[in-house]
Amino acid sequence: MRNKLIALMMIASQFALWGCYFEGPEYTDELDLVYTNHDSKFDFAGKGTYSLPDKIVKITGDPLAPPEYINDIPYGKAILDQIELNMNNLGWTKVDVNAVPPPDLQLLPAAWTTTTIVYGGYYGGYYCWYYPYYCGGGWYYPYYPVSSYSSGTLLMTLVNPNVEVADGSKQVTWTGALNGLLGSTDIGRIKKGIDQAFTQSPYLKTN
Amino acid sequence: MKKIILIVLITGAFITPSLAQSSFSIQYSMGFGGTMNNYITTTSVRGATFEYKLYPQPNISIGIDAGWNHFYERRAYDTYTNGTASYTGVQFRYANAVPIYITPSFYFSPGEKINPFIGVGIGTIYLSRYVDMGIFRVTEDKWHFAIKPEAGVLVSLSPDMDLILAFRYNNAFGTSDTAQQNYMTFNVGFVWK
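Along each chain, residues carry numbers from 1 onward, in the same order as the chain's sequence is written. As they are written, the chains are lettered A onward and the ligands numbered 1 onward, keeping that order. Since the coordinates come from a predicted model, pLDDT governs what is reported: local features require at least 70, and pairs of side-chain atoms require 80 or more to be given and counted, while whole-chain, interface and lining totals use all residues.

Trainee: Please explain the overall build of chain B as it appears in this structure.
Mentor: Numbered from the N terminus, helices here are DSSP runs of H or I no shorter than four residues, and strands are runs of E no shorter than two. The number of helices and strands found in chain B is one helix and eight strands. Taken along its principal axes, the extent of the C-alpha atoms in chain B is 65 × 30 × 25 Å. We call a residue exposed when 12 or fewer other C-beta atoms sit within 10 Å of its C-beta, buried when the count reaches 20 or more, and partly exposed for counts in between; the C-beta positions come from the backbone. Scored against the burial criterion, the 193 residues of chain B give a buried share of 33%. We call two residues in contact when their backbone-placed C-beta atoms lie within 7 Å. For chain B, restricting intrachain contacts to residue pairs at least 6 apart in sequence, the fraction spanning at least 24 positions comes to 57%.

Structure representation (structure tokens):
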């Protein structure tokens, strides 16, 4: 009887120790995610100019509401500067958003915070706020984009303004998304995420 | 399903058939190696096995066992690709294996202090795997047909209790859309006769 009790106590203590074995993320930055995707049929090497707005659209969920921008927060300019730095390093030349003829690609940044998770869909409303004359056509994605996350998200999209596809919409050639960064007070993490998005997209090089 | 099996095992431990001796065992189980290494490289330290056996002869038993092994690994910040998509972040990988077997076994030295044995298990493994990255989770749950060769030793502690040490190779055959999976376990526990 005594042996049985000792054996059962040894087994019970083993099961109890399982609770001391921690699993899963311990720090917020372990949930940071950088996602990129691109149209494999688009040849970036043959292009050279791009435009970048001086503000970042804040998506509120209503595509018909007046646009809001996050340029008034301290990170707006830092984000745009980091995007420009990476594009320049890849060989791209920045031109004015109203340049004639239009640039080879337009980089359109957007950001939002949400608790809704949608994967495999997309949100195309902010396209119109930059270029109203594109409205009505919507987006064309040759792949599944990331559309929203449960925390702060920065979305960067490279659109080809010179090619119309399907119902007159403009071709999306590349998407980069950072999740969990905009709510942070650490601009270093945001810059690291932007750098990573371009680092894992070597096909964006122009030569 | 697991509850039913557990009830059967526990009930069986207290109802001794008149025509054969029986035993009930609880074991701690460590999982490692095999093709599971392609998914999770770390050793599983969370696992258990429950066994109920009948002995029609002193050197032969037929039993049923059910177990659970939990695997976990934190993959460092890295880039993973899928088609034209690339993902960078920290990955948390998990796997739960629930093997259920019918287990005939042969004993080389019944009645001795040290009693080596070999056996085989035929049954199924429920394998649930999931990967967390950022706020996303990808899951895969499958039942596999499974076979388990086994070798071990019983060490007599008293007339009605043994210590069991066993090495098992759990082989889950592939399904129409899932590759073959396998992993090994080292079990240590007690057997009540």
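Trainee: Before we go on, may I ask you to explain the environment of Val95(A) in this structure?
Mentor: Residues and elements named next belong to chain A. Topologically, Val95 is positioned in strand E5 (residues 93–95). When the 18 C-beta atoms within 10 Å are taken as the criterion, Val95 is described as partly exposed. Sequence spacing of Val95 and Thr49 is 46 residues, and the spatial spacing of their C-alpha atoms is 6.5 Å. If we skip the residues at most four places from it in the chain, Val95 touches Thr49, Ser51 and Pro103.

Trainee: Just to check I follow, could you spell out unusual backbone geometry for this structure?
Mentor: For residues other than glycine, phi is negative in most cases, and the peptide bonds are mostly trans. A cis amide bond links Val100(A) with the next residue in sequence, Pro101(A), at an omega value of 0°. Tracing the chain through its elements places Pro101(A) in the loop between E5 and strand E6 (105–112).

Trainee: Please explain the nonpolar core as it appears in this structure.
Mentor: Looking at soluble globular proteins, one finds that nonpolar side chains tend to be buried together. Residues and elements named next belong to chain A. Only buried residues count toward a nonpolar core: Ala, Val, Leu, Ile, Met, Phe, Trp, Tyr and Cys, linked into one set through C-beta atoms within 7 Å. With 37 residues, the main nonpolar core has Ile79, Ile83, Leu107, Ala110, Ala111 and Ile194 as its most contacted residues. At the level of elements, strand E1 (33–38), helix H2 (75–89), E6, strand E10 (153–165), strand E11 (169–179) and helix H4 (187–199) are the ones that each hand at least two residues to this core. With six residues, the top contributor of residues to this core is E6.

Trainee: How should the pairing of E1(A) be read in this particular structure?
Mentor: On any regular strand, side chains alternate: one points to one face of the sheet, the next to the other face. Within E1(A), six of the six residues are buried, which leaves the element mostly enclosed by the surrounding structure. Where burial is concerned, the two faces of E1(A) agree: the one with Leu33(A), Tyr35(A) and Asn37(A) and the one with Val34(A), Thr36(A) and His38(A) are both buried. The pairing criterion for strands is at least two bridges between them, as found by DSSP. Of the pairings in the sheet, the one linking E1(A) to strand E4 (residues 85–107) of chain B comprises four bridges and is antiparallel in character. Bridge pairing in E4(B) places Leu33(A) opposite Gly89(B). Two strands pair when backbone bridges link them, and E1(A) and E11(A) are joined in this way by six bridges, in the antiparallel orientation. The residue of E11(A) that forms the bridge with His38(A) is Trp174(A).

Trainee: Where do I start with H2(A) in this structure?
Mentor: An α-helical turn contains 3.6 residues, so a residue and the one three or four places further along point in the same direction. All names here are of chain A. Multiplying 1.5 Å by the helix residue count minus one yields the expected span of that helix. Taking 1.5 Å per residue as the helical rise, H2 with its 15 residues ought to reach 21 Å, and the 21 Å between its terminal C-alpha atoms agrees with that figure. Of all the residues in H2, the buried ones are Tyr75, Ile79, Gln82, Ile83, Asn86 and Met87. Relative to the axis of H2, the buried residues are bounded by an arc of 135° and lie together on one face. Of the surrounding secondary structure, the elements contacted by the buried residues of H2 are strand E2 (49–51), E5, E6, E10 and H4. Where H2 terminates, the next one or two residues include Gly91, which has phi positive at roughly 100°. This arc is built from the directions going out from the helix axis to the C-beta atoms.

Trainee: Looking at this structure, how should I read the packing of H2(A) against H4(A)?
Mentor: To describe two helices that pack against each other, one gives the angle between their axes and the distance between the axes. Residues and elements named next belong to chain A. Between N-to-C directions, angles cover 0 to 180 degrees, with each direction set by a line fitted to C-alpha atoms, over the stretch in contact for helices. One can describe the packing of H2 onto H4 by two numbers: an axis separation of 10 Å at closest approach and a directional angle of 25°. Viewed along their axes, H2 and H4 adopt a mutual orientation that is roughly parallel. Both H2 and H4 take part in a crossing whose hand is right-handed. Contacts between H2 and H4 involve Tyr75, Ala78, Ile79, Gln82, Ile83 and Asn86 from the former and Ile187, Ile190, Lys191, Ile194, Asp195 and Phe198 from the latter. Under the scheme applied here, ten amino acids are nonpolar (Ala, Val, Leu, Ile, Met, Phe, Trp, Tyr, Cys and Pro), four are charged (Asp, Glu, Lys and Arg), and all others, including Gly, are polar. In terms of residue class, the contact of H2 with H4 is built from eight nonpolar, two polar and two charged. Relative orientations are named as follows: roughly parallel for angles under 35 degrees, roughly antiparallel for angles over 145 degrees, roughly perpendicular for angles from 65 to 115 degrees, and oblique for any other angle. The handedness criterion is simple: a crossing whose near helix is rotated anticlockwise from the far helix by less than a right angle is left-handed, and one whose near helix is rotated clockwise is right-handed.

Trainee: What's the story with the confidence of the model for chain A in this structure? I'm lost.
Mentor: Detailed reading of the predicted coordinates is not advisable wherever pLDDT is low. For chain A, the mean per-residue pLDDT works out to 76, and 68% of the residues sit at or above 70. Confidence of the predictor at the level of single residues is captured by pLDDT, which takes values from 0 to 100. Scored below 50 in pLDDT, residues 116–125 of chain A makes 21 contacts in the model with residues more than four places away or belonging to other chains.

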